[in-house]
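# Observations on the three-dimensional arrangement
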Amino acid sequence: MQGVLSNISSITDLGGFDPVWLFLVVGGVMFILGFAGCIGALRENTFLLKFFSVFLGIIFFLELTAGVLAFVFKDWIKDQLYFFINNNIRAYRDDIDLQNLIDFTQEYWQCCGAFGADDWNLNIYFNCTDSNASRERCGVPFSCCTKDPAEDVINTQCGYDARQKPEVDQQIVIYTKGCVPQFEKWLQDNLTIVAGIFIGIALLQIFGICLAQNLVSDIEAVRASW
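Residues numbered from 1 in each chain as written. Predicted model: local features only at pLDDT ≥ 70, side-chain atom pairs only at ≥ 80, totals over all residues. Heavy atoms only, no water.

Looking up the chain in an unreviewed UniProt entry gives the name Tetraspanin, with the organism given as Delphinapterus leucas.

### As for the state of the cysteines
Enumeration according to the criterion identifies four disulfides in this entry. The disulfide that involves Cys128 links it to Cys138, with 1.9 Å between the sulfurs. Given an S-S torsion of about 110°, the disulfide between Cys128 and Cys138 has right-handed geometry. Of the two residues, Cys128 is situated in the loop between α5 (96–109) and α6 (167–173) and Cys138 in the loop between α5 and α6; the sequence distance between them amounts to ten residues. By relative accessible area, Cys128 is classed as partly exposed at 25%. Residue classification places Cys138 among the buried residues on the basis of a relative accessible area of 6%. (Disulfide = S-S within 2.5 Å. Helix = DSSP H or I, 4+ residues; strand = E, 2+ residues; numbered from the N terminus. Buried < 20%, exposed > 50% of the residue type's maximum accessible area, 1.4 Å probe, protein only.)

### Brief notes about the UniProt feature "transmembrane region" (unreviewed entry) in the chain
The residues that UniProt annotates with the feature "transmembrane region" (unreviewed entry) are residues 20–42, 54–73 and 193–216. Secondary structure content for residues 20–42 is 100% helix and 0% strand, and the end C-alpha separation is 33 Å. (UniProt positions renumbered as here; feature names shortened; annotations may be inferred.)

### Considering the pattern of salt bridges
Across all of its chains, the model carries seven salt bridges by this definition. Note that Glu220 is salt-bridged to Lys50, the shortest N-O span being 3.3 Å. Taken together, the residues Glu220 in helix α8 (residues 191–224) and Lys50 in helix α3 (residues 46–72) connect sequence positions 170 residues apart. For Glu220, a relative accessible area of 37% corresponds to the partly exposed category. Residue Arg137 pairs with Asp130 through a salt bridge whose shortest N-O separation is 3.4 Å. (Salt bridge = Lys/Arg side-chain N within 4 Å of Asp/Glu carboxyl O.)

Structure below.
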């Protein structure tokens, strides 16, 4: 994970932004939100409860906005995913964590490259140029290989020379579909689950806002009766 964080700015074009700060900001927001809600309820502090309610409402609005923007700019997101995967392909041998990340992605979605196996021409070890003296020339990583259930040990050389074969033969040995279209297919196949998760999170946030507002109303009503 440390290697991924130290290299992710270079593969996502973040302009030198350290992604560790993102984790710190998210952790800080969660701490502040939890602190305000917990202490506000225990001490019956209406200021903290109102802060909790408004802050949670802002987060809900931002999530809703992000969802709408993701739908509107889905082509841009697709291009960014393509850019991310291809930059990982270029840096495949440079960092073991990045290597594990793309291997996991290709194995999980049964894909190879961003839009196909030929995307591995971007890597200096796997490209098909005549000047490439690597044994992996015109091949793909083992994570692109179709899996044989009978094999207990991973054959890390199964992708050697795979792209030198005719396309019909390639489909027997390796995954020929790209990870971007496979990801889109996964989203379509699991749309109900993904939508259910987001709706569940949204309902929990709305429920939290309603509870906080009801508690504020009860506290103010009791204080008004004094």
